[in-house]
Each structure stands twice: as structure tokens, then as C-alpha cells.
Amino acid sequence: MAANLPVLYSFRRCPYAIRARLALIYAGINVELREVQLQNKPAELLELSPKATVPVLQLPDEVLTESLDIMKWALRQHDPEDWLRGDVQKAQDLIARNDGEFKYYLDRYKYPEREPDHPQTYFREQAELFLNALEGCLSVQEYLCAEYFTLADAAILPFIRQFAAVDAEWFIHSKFEQVRNWLDRSLQSSLFTKGLQKYPVWHTGEVGRELLEL
Ligand SMILES: N[C@@H](CCC(=O)N[C@@H](CS)C(=O)NCC(=O)O)C(=O)O
């Protein structure tokens, strides 16, 4: 019953929420998914997390308000394909760079009208520095930190998906061939198909959908 499950406050398109959902699905952890609207967050979420970002995972004895904490918690419960293998330091560095510098430029590339001092291409070029690093990793192995999919891939892919969608035509013709292949084959996996499913918006008093039933 969804009513007895941990509760995940989520927003379908949010890359942080996507990475959390991927880890939960991969680990086989069912949760009650409450899809929120960022413009109209439910009081229950604001009460749990004053910073009011998604994702938030409400467990019986703790509340996790950072996507990476949710991922790591999920993997501590069950990690069937050993996502924590591979070059752990490199994974940590790539994720930090993704969440820091890359996310900063991605947001400005997406909404260039908010930054009239620079053309959109400026932000894309800055973001491309991170893609150069990813292209380098993917030129020597199948996935970012190993020959197999690991935590770093799940944590970073949702952001690159967003970057690629800003100007899909440009991305398709860009020099980032390895990144494109990596993104395409990952998006085709059943994990991503499940992780990107649409959910109805949750309202107070309702029971949300079960993540693993979607
Ligand atoms: N560091 C947080 C960042 C989460 C975050 O910023 N999520 C965005 C949506 S993509 C959000 O909730 N923003 C609040 C808002 O737009 O009101 C995490 O990793 O979970």
C-alpha cells in the first residue's frame, strides 16, 4: 500500500529528482511518489524541508533533502550491479563539477534572457568545458568512471539530457559524439523509461502513486 511507504516529493523534469528516482528504481525501493508543482508547493513539503527543493525523501526516522543523499541511501539498501564500483574519487569530482560549475552555466544557457550581458553562446561554451571532460572519459571507456554504468552516470545524465534539449539541432551536430551515444543508449534503457514516467500532480489528502508501479 502506498500509504505505508516512504514518501518522495518529486518533480518530473527536475534533474535532481530524476537522479533520485533512478537510484530508487534501480535499488528496487518502492516509495509513494508525490509529484509537486514548483510554483505551488504543498505545505507538507515546506514543513519537511524549509529550503523547499525537490527531491525530498521522507523516511520513518529521517528526512533526506539532497538528491545525492537519497541516491546513496538507496544504494546502501540495495546495489545489485555495484554502482559504487569504479573510480570513486573521479565520480565524486565529476558530480561536484556537474552540480557546481556546469549547472550554473546550464541554467544560463537555458534562460539567456535573464543574463543580457552575454549571448547564449557564451553560456553554452562555458558549459561545454564540462562536456569536453565527459567526452574524454567516454573516449576511453563505455561509461564515465568504468566500463559499466555507475552512480556518476545516473547522477550526471539528467543534466546532460537537459543541456542537449536546449538546442537539440546544435547538439546533434556538435563534436560530442561519445557524450551523444552515452546519452542516447542510457535514455533508451528501461531504467530511464521508468525514471522519466509522467505522474499526476499530488494534492493534500491524496495517496501518491507507487514509484515501482509506474
Ligand atoms: N542540492 C539540491 C538541489 C535541488 C534543486 O535545486 N531542485 C530544484 C528543482 S530542479 C528546486 O527544487 N528548486 C526550488 C524551486 O524552484 O522553487 C539537491 O541535490 O537535491
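So, how was this worked out
Residues numbered from 1 in each chain as written. Predicted model: local features only at pLDDT ≥ 70, side-chain atom pairs only at ≥ 80, totals over all residues. Heavy atoms only, no water. Near = heavy atom within 4 Å. Polar contact = N/O pair within 3.5 Å; in protein donor to acceptor, adjacent residues only side chain to side chain. Areas by Shrake-Rupley, 256 points an atom, 1.4 Å probe, with all protein chains shown as cover. Nonpolar A, V, L, I, M, F, W, Y, C, P; charged D, E, K, R; others polar. Axes fitted to C-alpha atoms, helices over the stretch in contact; angles between N-to-C directions. Helix = DSSP H or I, 4+ residues; strand = E, 2+ residues; numbered from the N terminus. Parallel < 35°, antiparallel > 145°, perpendicular 65-115°, else oblique. Left-handed = near helix turned anticlockwise from the far one by under 90°. Contact = heavy atoms within 4.5 Å. Disulfide = S-S within 2.5 Å. Domains from an automatic or database assignment. Buried area = accessible area lost by both parts, 1.4 Å probe. Salt bridge = Lys/Arg side-chain N within 4 Å of Asp/Glu carboxyl O.

1. A short note on the site of the ligand
Around the ligand, the surrounding shell consists of Cys 14, Pro 15, Tyr 16, Leu 38, Lys 41, Ala 52, Thr 53, Val 54, Pro 55, Thr 65, Glu 66 and Ser 67. Contact between the ligand and Lys 41: an oxygen atom at 2.5 Å from a side-chain N or O atom of the residue. One of the backbone N or O atoms of Val 54 is found 2.9 Å from an oxygen atom in the ligand. In isolation the ligand exposes 510 Å². Once the protein is present, 72% of that is buried. A class-by-class count of the residues in the shell around the ligand yields seven nonpolar, three polar and two charged.

2. Points about the packing of helix α5 (residues 120–140) against helix α6 (residues 151–166)
Closest axis-to-axis distance for the α5/α6 pair is 12 Å, and the angle between their directions is 140°. Judged by the inter-axis angle, α5 sits oblique to α6. The interaxial crossing formed by α5 with α6 has left-handed handedness. Counted together, Gln 120, Arg 124, Ala 127, Glu 128, Phe 130, Leu 131 and Leu 134 of α5 and Ile 156, Ile 160, Phe 163 and Val 166 of α6 form the full contact between these two elements. Looking at the contact of α5 with α6, its residues break down into eight nonpolar, one polar and two charged.

3. Concerning unusual backbone geometry
Between Val 54 and Pro 55 the backbone carries a cis peptide bond, its omega angle lying at 5°. With respect to the helices and strands, the residue Pro 55 is situated in the loop between α2 (43–48) and β3 (56–58). A positive phi is found at Ala 52, a non-glycine position, where the angle reads about 55°. Along the polypeptide, Ala 52 turns up in the loop between α2 and β3.

4. Examining the state of the cysteines
Think of a disulfide as a covalent bridge from one cysteine sulfur atom to another cysteine sulfur atom. If you walk through the whole model with that rule in mind, you get zero disulfides. Of all cysteine sulfurs, the one in Cys 137 lies closest to Cys 145, which takes part in no disulfide; the gap is 6.4 Å.

5. Focus: the domain arrangement of the chain
According to the domain assignment, the chain contains domain 1 (2–81 + 193–213) and domain 2 (88–189). Using C-alpha coordinates to define each centre, domain 1 is positioned 24 Å away from domain 2. Domain 1 puts 11 residues into the contact, and the matching count from domain 2 is 14 residues. Together, the buried faces of domain 1 and domain 2 total about 1100 Å²; carbon and sulfur atoms form 64% of this surface. If you sort the residues of domain 1 by the area they bury against domain 2, Pro 15, Tyr 16 and Arg 19 come out on top, with a joint share of 40%. Linking domain 1 to domain 2 there are one salt bridge. Two residues, Asp 99 and Arg 19, come together in a salt bridge whose shortest N-O distance is 2.7 Å. At the junction of domain 1 with domain 2, the criterion picks out three residue pairs in polar contact (both at pLDDT 80 or more). Those elements that provide at least two residues to the side of domain 1 that touches domain 2 are α1 (15–26) and α3 (67–77). At five residues, the largest contribution of residues to the side of domain 1 that touches domain 2 is made by α1. A class-by-class count of the residues in the side of domain 1 that touches domain 2 yields eight nonpolar, one polar and two charged.

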